[in-house]
Amino acid sequence: MPNYRKPWAEPYKIKVVEPLKVTTREYREEKMKEAGYNTFLLRSVDVYIDLLTDSGTTAMSDYQWAGMMLGDEAYAGSKNFYYLEDNVKKYYGYKYLVPTHQGRAAEHLLSKVMIKQGDYVPGNMYFTTTRLHQELAGGTFVDVIIDEAHDPSSHHPFKGNVDLQKVEGLIKKVGANKIPYICVAGTVNMAGGQPQSMENMKALRKLADKHGLKIMLDATRAVENAYFVKDREAGYANKTIEEILLEYCSLSDGCTMSGKKDLLVNIGGFVAVNDEHLFDELRNLVVVYEGLHTYGGLAGRDMEAMARGIEECVNYDHIRSRVEQVRYFGQKLLDAGVPIVEPAGGHAIFLDAKRFYEHIPQDQLPAQALAADLYIESGVRAMERGIVSAGRNKETGENNFPKLELVRLTFPRRVYTQAHLDVAAWHVEDLFEKRHKAKGLKFIYEPQYLRFFQAKFERLD
Ligand code: PLI
């Protein structure tokens, strides 16, 4: 037997390729300046390895592409909708489905239907679009994630867990009638792609039942969460991903979904619930904002691809390679002493900009600067997840100062090979060695909503 670790490989082979453009440092410096030091404003043709997001950037399988040809583009009652509905029931367990064009559209509908002015919505850390829709509907988001989630060096295996005492505290303070639902995500994107344990979700269910509260799941990466439960939680090693996913969802009353992540599609989402009355309201509202309730802003072919994506994403070999690829990248950085959020998350590795650029204070936007510098040095595109993403306080208008000041390197599903990961890791390590030269940034343009997408910056001298 060889004396090295048994290797694993991506469980697919490549049938179609898309060439990558290699550019010079001078070219990228110019492009970054033009983009106002915001990686969202770069053109993707100028990017070498694109780790901006895992959202909609998936490579679909031949099975999904074949399904695209079976799109039933009827305005009403498309057969692809019924297939999707069957698969949502079978794999996620929810009774009623309302398709939407993507995740934030599902959040929009759910928030509008469930939240009233003056309500409070507890959640295991905010997500940008989720919180904004809750706020636009008149609610106030309250973070109830465990404290370890805000500590990038904590090795807690389930940093996505809800702190039940924080939820109890909120119920005591505002009363259960001011809480339309508890919003739970697994995995938790902004915490570093960290999972929630089944034990924690079960305990939360008990607490919610005691107070007559609903739990709404952000199931966008619930399959990745299921992989972590199987890998880390006692009693789950011999259960299938399908079994774990069903059990997890059964502890909630419904979900919002961005199909652009776990479900391996380039566009699509849905909201799914068990309560018939709530379904009725959602189905009524979807026709206002998205389209008829049997397409919700999607083409028939998109629903077909998503239905097939559900079947593929629960495959153990797929989800293992997906999460292990991320872990592999994280381990390379750790071995080189680069500060990252630990343990590695499900979809991304998050650089800890507070430790990476120790000399840049948070109000000089160290994570934004780090993402810009990484692009200039290497052509690798990442994303800020710190003070810029956290936006301003809805009442005072002051900047929110999140404890986590991160740069996210996010891995599209089935797109890059281990060699791409090696190249990207090498560049991060190289930048870490030169970190002392880095300078901060300041805003020169700040949009009102979700400012990180379109803001522009200038270098500080
Ligand atoms: O990008 P959407 O509208 O399909 O989905 C919004 C959304 C909801 N929940 C979670 C946990 C997300 O991660 C999410 C979108 N995430 C993006 C775009 C990302 O880059 O992480």
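Per chain, residues are indexed from 1 in the order of the written sequence. In keeping with the model being predicted, local features are shown solely for residues with a pLDDT of at least 70 and side-chain atom pairs are shown and tallied solely at 80 or more, while totals for entire chains, interfaces and linings include all residues. Each side-chain value is worked out from all heavy atoms of the structure, with water and hydrogens disregarded.

Engineer: Honestly, helix H5 (residues 128-136) in this entry has me stumped. Any pointers?
Structural biologist: Side chains of residues three or four places apart in an α-helix project in the same direction, reflecting 3.6 residues per turn. Residue burial is assigned from relative accessible area. The probe radius is 1.4 Å, only protein chains are included, and a residue is buried under 20% of its type maximum, exposed over 50%, and partly exposed in between. Under the DSSP-based scheme used, a helix requires at least four consecutive residues in state H or I and a strand at least two consecutive residues in state E, with every element numbered from the N terminus. The buried fraction of H5 amounts to seven of the nine residues, a majority that puts the element mostly inside the structure. Thr128, Thr129, Thr130, Arg131, Leu132, His133 and Gln134 are the residues of H5 that are buried. Phi turns positive one or two residues past the end of H5, at Gly138, with a value near 105°.

Engineer: What am I meant to see in the sheet that holds strand S11 (residues 383-385) here?
Structural biologist: The strands making up a sheet associate through backbone hydrogen bonding, with each pair oriented either parallel or antiparallel. When DSSP finds at least two bridges between two strands, those strands are taken to pair. One open sheet accounts for three strands, arranged S9-S12-S11; its pairing is antiparallel. Each end of this open sheet is capped by a strand with a single partner; those strands are strand S9 (348-352) and S11. When strand polarity is set aside, the average angle formed by the axes of neighbouring strands in this sheet is 35°. Pairing geometry for S11 and strand S12 (residues 406-410), over three bridges, is antiparallel. By the bridge assignment for S12, Glu384 is matched with Val407. Packed on one face of the sheet, helix H12 (residues 316-335) meets S9 and S12 and runs near 25° to S9. Note on contacts: a residue pair qualifies if any of its non-hydrogen atoms lie within 4.5 Å across the two residues. An axis is simply a line fitted to the C-alpha atoms; with a helix, the fit covers only the stretch in contact. Between two such axes, the angle follows the N-to-C directions and lies from 0 to 180 degrees. In the packing of helix H14 (residues 366-378) onto the sheet, contacts are made with S9, S11 and S12, and the angle to S12 comes to roughly 40°.

Engineer: Looking at this model, I keep getting lost on a nonpolar patch on the surface. Mind explaining?
Structural biologist: A cluster of nonpolar side chains, Val287, Val288 and Tyr289, forms an exposed patch at the surface whose accessible area comes to about 270 Å². Here Val287 shows up in helix H10 (residues 276-289). Given a relative accessible area of 39%, Val287 falls into the partly exposed group. Patch criteria: residues need more than 30% relative accessible area and no salt bridge. Like-charged residues are merged within 9 Å; nonpolar side chains of Val, Leu, Ile, Met, Phe, Trp and Tyr are merged within 5 Å. Per-residue and other accessible areas follow the Shrake-Rupley method at a 1.4 Å probe size, with only the shown protein chains counted as cover for residues. Any carboxyl oxygen of Asp or Glu that lies within 4 Å of a side-chain nitrogen of Lys or Arg is treated as forming a salt bridge with it.

Engineer: Explanation requested: the pairing of S12 in the structure shown.
Structural biologist: In the case of a regular strand, side chains alternate between the two sheet surfaces. Most of S12 is tucked away, with five of its five residues classed as buried. Here S12 shows a buried face lined by Leu406, Arg408 and Thr410 and a second buried face lined by Val407 and Leu409. Across five bridges, S9 lies against S12 in antiparallel orientation. If you follow Phe350 over to S12, its bridge partner there is Arg408.

Engineer: In this structure, what is going on with the site of the ligand? I would like to understand it.
Structural biologist: Around the ligand, 17 residues are found, and the nearest of them are Thr53, Arg104, Asp218, Ser258 and Arg408. Polar contact is the term for a pair of N or O atoms within 3.5 Å; when the atoms are in protein, one must be able to donate a hydrogen and the other to accept it, and sequence-neighboring residues count only if both atoms are side-chain atoms. Contact between the ligand and Asn189: an oxygen atom at 2.9 Å from a side-chain N or O atom of the residue. For the ligand, the protein covers 95% of the area, taking 470 Å² as the surface of the free molecule. In terms of residues, the shell around the ligand owes the most to one element, helix H4 (residues 103-114), which gives three residues. Here the nonpolar group is Ala, Val, Leu, Ile, Met, Phe, Trp, Tyr, Cys and Pro; Asp, Glu, Lys and Arg are the charged ones; every other residue, Gly included, is treated as polar. For the shell around the ligand, the residue count by class is two nonpolar, eight polar and seven charged. One heavy atom suffices: a residue is near a molecule or strand as soon as one of its heavy atoms comes within 4 Å of it.

Engineer: I would appreciate a short explanation of the packing of helix H3 (residues 79-92) against helix H9 (residues 241-250) in the present structure.
Structural biologist: Between two packed helices, the angle of one axis relative to the other and the distance separating the axes together describe the packing. Packing of H3 against H9 brings their axes to within 8 Å, and their N-to-C directions diverge by 90°. Taken together, H3 and H9 sit at an angle that is classed as roughly perpendicular. Residue-level contacts link Lys89, Lys90, Tyr91 and Tyr92 of H3 to Glu242, Leu245, Leu246 and Cys249 of H9. Residues of the contact of H3 with H9, tallied by class, amount to five nonpolar, no polar and three charged. Angle categories: roughly parallel below 35 degrees, roughly antiparallel above 145, roughly perpendicular from 65 to 115, and oblique for all the rest.

Engineer: Sorry if this is basic, but what is going on with the environment of Gly346 here?
Structural biologist: The residue Gly346 is located in the loop between H12 and S9 in this model. Spatially, the C-alpha atoms of Gly346 and Tyr227 are 8.8 Å apart, while their sequence positions differ by 119 residues. Not counting chain neighbours up to four residues away, the residues in contact with Gly346 comprise Gly192, Gly193, Glu224, Phe228, Arg322, Val323 and Val326.

Engineer: Is there a simple way to think about the nonpolar core in this case?
Structural biologist: It is characteristic of soluble globular proteins that their nonpolar side chains tend to be buried jointly. Grouping buried Ala, Val, Leu, Ile, Met, Phe, Trp, Tyr and Cys residues that are joined through side-chain atoms within 4.5 Å yields what is termed a nonpolar core. With 59 residues, the main nonpolar core has Tyr92, Val184, Leu204, Leu217 and Phe270 as its most contacted residues. Excluding residues that lie within four positions of it along the chain, Leu204 makes contacts with Val162, Leu164, Val167, Ile182, Val184 and Ile215. Core analysis: the next-biggest nonpolar cluster, separate from the first, contains 47 residues, Phe329, Ala344, Leu431 and Leu441 among them.

Engineer: Explain the environment of Leu298 to me, please; I cannot follow it from the model alone.
Structural biologist: With respect to the helices, strands and loops of the structure, Leu298 is situated in the loop between H10 and helix H11 (300-313). We classify Leu298 as buried; its relative accessible area is 5%. In this structure the C-alpha to C-alpha distance between Leu298 and Ser78, which are 220 residues apart in sequence, comes to 11 Å. Setting aside chain neighbours within four positions, we find Leu298 in contact with Pro99, Thr100, His101, Ile267, Gly268, Gly269, Met303 and Met306.

Take it as geometry only, folks, not as evidence of what the structure does.
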